Amino acid sequence: MFSKWFSKTAPPIQATQQPIYTPITKHYVFNETGNIMLCATADSIQSFDVDLKSAFVDISVFFAAMTKAVTSTINPVTGKPFSIFNYQAVKNILAGSGLFIETNVEEGTFSHDGVGSSLGKALFQHILNREFSEKQLPFAKSMFNGMQYQSARAAEQSSMSEEQKKLCRSGSIFFIGELLMGVPQTSAILLSIEPQSVADTLSDTKSDWQDLFSLVGLDETRHQAKHIVRHWKFKKRTYLFVPPQFIAHGVAGLGDLANADFEEYSRTLAQSISK
């Protein structure tokens with residue numbers, strides 16, 4: 001039997017076809033918290049002019065206004081200020097801002113067998129649909145800590161209605177500014193993930209299930225991965241950012257708003273949270 005196996009005729013070698021689509025090398029940079037990612041091709045970086053830069057400034061200013069609106073509004077369920085890691089609060093603001101168009105909703109399962117920073121990096125690469133060359137994403141742990149804190153606060157509330165549960169879900173927001181061959185595009189991705197792993201097959205046992213946030217928090221130098229593939233359900237909403245031409249100063253955008261206008265816009269965003 002073995003002789004027949006090793007003497008099998010090898011299949012003929014087929015000519016390698018050239019790929020129809022060859023992606024251009026892209027450069028990525030995140031802000032300190034990881035909520036804003038800028039992406040550009042090499043030729044775009046060389047021609048990065050003021051008009052294109054102002055399009056990305058809009059994202060930063062909106063994120064600042066949204067953060068102020070969220071953290072200055074009391075969650076009626078907990079009696080404490082909302083967190084920027086509150087999925088529903090951020091979702092309501094995006095819907096009520098008039099600046100974002102929802103283009104896609106995806107529900108899926110993320111699977112991985114690692115722990116620590118490698119697990120966090122793999123998840124963000126999966127959600128953002130990109131591959132990063134850095135060995136680590138330094139903001140990953142703090143972002144997961146924020147979502148874990150939000151989940152813990154929700155767990156403290158007992159006998160909640162479905163509407164109340166919605167106001168306590170955890171999540172994270174990513175704003176993406178892309179400049180590809182000189183063409184700008186801005187978008188946002190809102191992520192919600194269930195931290196408790198789920199069974200993928202009947203052979204999976206509860207002993208293999210574990211909390212995502214706990215696994216990401218482990219130090220890889222002290223905790224070796226057991227190579228148990230775990231699975232987590234997630235929901236991903238994708239939005240297209242619309243230039244805020246209807247706001248003061250027209251096409252100059254959010255970046256040129258006066259302080260009074262900024263405060264008023266922040267208050268308007270806050271009114272969207274509990275709707």
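Our structure's up above, just so we're on the same page.
Remarks on the overall build of the protein chain
Phase 1 of the analysis: Along the backbone of the protein chain there are nine helices and six strands.
Phase 2 of the analysis: In the protein chain, which comprises 275 residues, the share counted as buried stands at 41%.
Phase 3 of the analysis: In the protein chain, 70% of the contacts between residues at least 6 apart in sequence involve partners at least 24 apart.
Phase 4 of the analysis: Of the roughly 16,000 Å² of accessible surface on the protein chain, 55% is carried by carbon and sulfur atoms.

Here's the deal with the packing of aromatic side chains
Phase 1 of the analysis: Counted according to the given criterion, the structure contains 14 aromatic pairs.
Phase 2 of the analysis: Relative to Phe139, the ring of Phe30 has its centre 4.8 Å away and its plane inclined at 45 degrees; by these criteria the two rings are tilted. Of this pair, Phe30 sits in strand E1 (residues 26-30) while Phe139 sits in the loop between helix H5 (116-128) and helix H6 (140-155), and the two are 109 residues apart along the sequence.
Phase 3 of the analysis: Classification of Phe139 as buried rests on a relative accessible area of 4%.
Phase 4 of the analysis: Judged by centre distance (4.9 Å) and plane angle (55 degrees), the rings of Phe100 and Phe241 are tilted. Of the two residues, Phe100 sits in strand E3 (residues 100-112) while Phe241 sits in strand E6 (residues 230-241), which places them 141 residues apart along the sequence.
Phase 5 of the analysis: In this structure an aromatic cluster arises from ring pairing among Tyr28, Phe30, Phe124, Phe132, Phe139, Phe144, Phe174 and Phe213.

Some thoughts on helix H4 (residues 87-97)
Phase 1 of the analysis: Most of H4 sits out of view: nine of its 11 residues are buried.
Phase 2 of the analysis: All of the buried residues along H4 are Tyr87, Gln88, Ala89, Val90, Lys91, Asn92, Ile93, Leu94 and Ser97.
Phase 3 of the analysis: Measuring from the backbone nitrogen of Gln88 back to the side-chain oxygen at the start of H4 gives 3.2 Å, which picks out Asn86 as the cap.
Phase 4 of the analysis: Of the residues trailing H4, Gly98 is marked for its positive phi of about 80 degrees.

Comments concerning the sheet that holds E1
Phase 1 of the analysis: Taken together, the six strands give an open sheet; going across it, the order is E1-E2-E4-E5-E6-E3, and neighbouring strands pair in mixed fashion. Two strands bound the open sheet, and with one partner strand each, they are E1 and E3. Taken over all neighbouring pairs, the strand axes of this sheet differ in orientation by 20 degrees on average, direction set aside.
Phase 2 of the analysis: Looking at chain direction, strand E5 (residues 183-193) and E6 are connected through seven bridges and run antiparallel. Looking across to E6, one finds that Ile189 is bridged to Thr238.

Quick look at the pairing of E1
Phase 1 of the analysis: Of the strand pairs in this sheet, E1 and strand E2 (residues 36-41) are connected by five bridges, and their pairing is antiparallel. Its bridge partner being in E2, Phe30 is matched across the sheet by Met37.
Phase 2 of the analysis: Linking two consecutive strands that pair antiparallel, namely E1 and E2, is a turn of five residues; a positive phi of about 85 degrees is found at Gly34 within it.

Things to note about the environment of Pro184
Phase 1 of the analysis: Relative to the helices and strands, Pro184 resides in strand E5.
Phase 2 of the analysis: Counting along the chain gives 128 residues from Pro184 to Phe56, while the straight-line C-alpha distance between them is 8.7 Å.

Quick notes on the pairing of strand E4 (residues 172-180)
Phase 1 of the analysis: Along E4, eight of the nine residues are buried, which leaves the element largely enclosed by surrounding structure.
Phase 2 of the analysis: Judged from the five bridges that link them, E2 and E4 form a sheet pairing that is parallel. Within E4, the position partnered with Ile36 by the bridge is Phe175.
Phase 3 of the analysis: As paired elements, E4 and E5 share nine bridges and run antiparallel to each other. Looking across to E5, one finds that Ser172 is bridged to Leu191.

What about the nonpolar core?
Phase 1 of the analysis: Residues Phe62, Met66, Phe100, Phe144, Ile173, Phe175 and Leu212 are the most contacted members of the largest nonpolar core, which totals 60 residues.
Phase 2 of the analysis: Beyond its immediate chain neighbours, meaning those up to four positions away, Ile173 contacts Asn35, Phe63, Met66, Val90, Leu94, Ala188, Ile189 and Leu190.

Comments concerning the packing of H5 against H6
Phase 1 of the analysis: H6 packs onto H5 with a crossing angle of 80 degrees between their chain directions and a minimal axis gap of 9 Å. Taken together, the axes of H5 and H6 are roughly perpendicular relative to one another. Judged by residue contacts, Gly120, Leu123 and Phe124 of H5 engage Ala140, Met143 and Phe144 from H6.

Section: the pattern of salt bridges
Phase 1 of the analysis: Summed over the entire model, instances satisfying the criterion amount to four salt bridges.
Phase 2 of the analysis: When the shortest N-O distance is used, the salt bridge between Glu102 and Arg237 registers 2.9 Å. Residue Glu102 is located in strand E3, and its partner Arg237 is located in strand E6; the two are separated by 135 residues in the primary sequence.
Phase 3 of the analysis: Here Glu102 falls in the partly exposed class, since its relative accessible area comes to 39%.
Phase 4 of the analysis: Close ionic contact of Arg130 with Glu178 constitutes a salt bridge, the shortest N to O distance being 3.2 Å. Of this pair, Arg130 sits in the loop between H5 and H6 while Glu178 is found in strand E4, placing the two residues 48 residues apart along the sequence. When sorted by exposure, Arg130 lands in the same class as Glu178, which is buried.

The rules we used
Numbers given for residues are sequential positions, taken from 1 along each chain in its written order. Only residues with pLDDT of at least 70 are given local features in this predicted model, and only at 80 or more are side-chain atom pairs given and counted; all residues enter the totals for whole chains, interfaces and linings. Processing note: side-chain calculations cover all non-hydrogen atoms of the structure and skip hydrogens and water entirely. The way it works is that DSSP assigns letters per residue, a run of H or I at least four long becomes a helix, a run of E at least two long becomes a strand, and they are numbered from the N terminus. Only protein chains enter the accessibility calculation, which uses a 1.4 Å probe. A residue is then buried if its area is under 20% of the maximum for its type, exposed if over 50%, and partly exposed in between. Residues count as neighbours in contact if any of their non-hydrogen atoms are within 4.5 Å of one another. Computed with a 1.4 Å probe, the accessible areas rest on the Shrake-Rupley method; for each residue, only the protein chains presented here act as cover. Between the rings of Phe, Tyr and Trp (Trp by its six-membered ring), a pair exists once the centres lie within 6.5 Å; its type follows the angle of the planes, with under 30 degrees stacked, over 60 edge-to-face, and the other angles tilted. Polar contact is defined as a pair of N or O atoms within 3.5 Å, subject to the rule that within protein one atom must be able to donate a hydrogen and the other to accept it, and that residues adjacent in sequence are counted only when both atoms are side-chain atoms. At least two bridges found by DSSP between two strands are what make those strands a pair. Lines are fitted to the C-alpha atoms to define the axes, a helix being fitted only along its stretch in contact, and any angle between axes, read from their N-to-C directions, falls within 0 to 180 degrees. Among buried residues, those of type Ala, Val, Leu, Ile, Met, Phe, Trp, Tyr and Cys that are joined through side-chain atoms within 4.5 Å constitute a nonpolar core. An angle below 35 degrees is treated as roughly parallel, one above 145 as roughly antiparallel, one from 65 to 115 as roughly perpendicular, and anything else as oblique. The term salt bridge refers to a pairing of a side-chain nitrogen on Lys or Arg with a carboxyl oxygen on Asp or Glu at a separation within 4 Å.

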